[in-house]
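Fold and contact review
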Amino acid sequence: MIHIDRTGAHAPRALLRDGKAHLESTIAPRAKSGQLRSDDFDRTIYASDEVRERLWKMQHYKCCFCEREYEIKHATVEHFRPKTEASDDTRNRGHKRPGYWWLAYELGNLYFCCRNCNTPKATFFPLDPGASPLTPRTLPTQVPEQAQLLDPGGTDDPEAHIQWRWMGRRRGYVPVGSTIRGRQTVRASELDVRDTLCRLRAKFYDRRVRPILEDFQNAKARGDHAEMAQVRTRARKLAQPQEQFAAMTRWILRRNGVL
């Protein structure tokens, strides 16, 4: 998970026009009456082709959490702050409170996300003990909220909260939260336990990252500074945000002195 640069991002017309209208005509009255359901939100607005494509390109065609590359047709639009209700435990368990319905059509609350990350996260959105949730109509950019999940497109730097641990050749490196926010974020989408995801990261490490480490270590042992510089150039390219599993790659290469 890396920070997603949203500098200069503009909301598509579907959100600005249709989303605002639907919020006022349908969502706000039902939220006020306590009758709001998930099905009340219009998926053709917040997950329109225009919105999905904008998020997809902004995120370099990758899921916002696991960083696996996906075709646009195979992923969903994730509400970072859940729209109907919020839970302090995963799988929709634990204490529940009203969701952030007024953010349902806000671009800053939407991400391109794979189903494998979206499903376990569900309505999970824990706050620090004793913290107050945002009041309706308040934007998180206006009043800071003490949330325990890292917002990949906000002011958070996920890489400052998540490290990586070697778990053997089969599973490779898995993410480990170094802070409560990092741990809760890893937990939310099960980034450390999903077998297929672990195998894909392990394969990526073997094929793309490990050769750079070996070439750098060999060049360093020979005192070949020119070769070391060339390897570092390859490393910087592999660590670019458009590459899959960039957070893992950066952490490993930095820890080994390549970056």
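Please read all numbers here as calculations on a predicted model, not as lab measurements.

1. A look at the pairing of strand E4 (residues 110-114)
Counting buried residues along E4, five of its five residues qualify, which places the element largely inside the surrounding structure. The alternating pattern of E4 places Leu 110, Phe 112 and Cys 114 and Tyr 111 and Cys 113 on opposite faces, both of which are buried.

2. Brief notes about the layout of surface pockets
In this structure, the largest pocket occupies an estimated 870 Å³ of space. Around the largest pocket sit 33 residues that line it, and Arg 81, Gly 108, Leu 139, Pro 140 and Thr 141 are the ones nearest its centre. One number sums up the size of the second largest pocket: a volume of about 420 Å³. Around the second largest pocket sit 18 residues that line it, and Ser 38, Arg 43, His 79, Lys 83 and Asn 118 are the ones nearest its centre. The set of elements that each furnish at least two residues to the lining of the second largest pocket consists of helix H2 (43-46), strand E1 (75-79) and helix H4 (115-121). The dominant element in the lining of the second largest pocket, judged by the number of residues it contributes, is E1, at four residues.

3. A look at unusual backbone geometry
Positive phi values are uncommon outside glycine, yet Tyr 61 reaches one of about 65 degrees. Summarising the element assignment, Tyr 61 is placed in the loop between helix H3 (49-58) and E1. Of note, Ala 122 is a non-glycine position whose phi angle comes to about 45 degrees, a positive value. For Ala 122, the location among the structural elements is in the loop between H4 and strand E5 (162-166). Exposure remark for Ala 122: the relative accessible area of 31% places this residue in the partly exposed category.

4. Considerations on the environment of Gly 130
Take Gly 130: it is sitting in the loop between H4 and E5. For Gly 130, a relative accessible area of 82% gives the class exposed.

5. Observations concerning a positive patch on the surface
Residues Arg 170, Arg 199, Lys 203 and Arg 207 make up a contiguous surface patch of positive charge. Tracing the sequence through the fold places Arg 207 in helix H6 (residues 195-222). Judged by relative accessible area, Arg 207 falls into the exposed class, the value being 62%.

6. Considering the environment of Ile 212
Looking at the element boundaries, Ile 212 is found in helix H6. Residue Ile 212 is classed as buried on the basis of its relative accessible area of 4%. Residue contacts for Ile 212: discarding those within four places in its chain leaves Val 231, Arg 234, Ala 235, Leu 238, Leu 253 and Val 258.

7. Brief notes about the packing of H6 against helix H8 (residues 246-255)
Two packed helices can be described by the angle between their axes and the distance between those axes. Here H6 crosses H8 at 35 degrees, and the two axes come no closer than 11 Å. Like other packed secondary-structure pairs, H6 and H8 cross with a definite hand, here right-handed. For the pair H6 and H8, contact is made by Arg 201, Phe 204, Tyr 205, Val 209, Ile 212 and Leu 213 and by Met 248, Thr 249, Ile 252 and Leu 253, respectively. Residues that form the contact of H6 with H8 fall into these classes: eight nonpolar, one polar and one charged.

Conventions adopted
- Residues numbered from 1 in each chain as written.
- Predicted model: local features only at pLDDT ≥ 70, side-chain atom pairs only at ≥ 80, totals over all residues.
- Heavy atoms only, no water.
- Buried < 20%, exposed > 50% of the residue type's maximum accessible area, 1.4 Å probe, protein only.
- Helix = DSSP H or I, 4+ residues; strand = E, 2+ residues; numbered from the N terminus.
- 1 Å grid on protein atoms, 1.4 Å probe; cavity = no way out; pocket = protein on both sides within 12 Å on 5 of 7 lines; lining within 4 Å.
- Points joined across faces, edges and corners; volume = space filled by probe spheres on them.
- Patch = residues over 30% accessible without salt bridge, like charges linked within 9 Å, V, L, I, M, F, W, Y side chains within 5 Å.
- Areas by Shrake-Rupley, 256 points an atom, 1.4 Å probe, with all protein chains shown as cover.
- Salt bridge = Lys/Arg side-chain N within 4 Å of Asp/Glu carboxyl O.
- Lys, Arg positive; Asp, Glu negative; His and termini not counted.
- Charge placed at Lys NZ, Arg CZ, Asp CG, Glu CD.
- Contact = heavy atoms within 4.5 Å.
- Axes fitted to C-alpha atoms, helices over the stretch in contact; angles between N-to-C directions.
- Left-handed = near helix turned anticlockwise from the far one by under 90°.
- Nonpolar A, V, L, I, M, F, W, Y, C, P; charged D, E, K, R; others polar.

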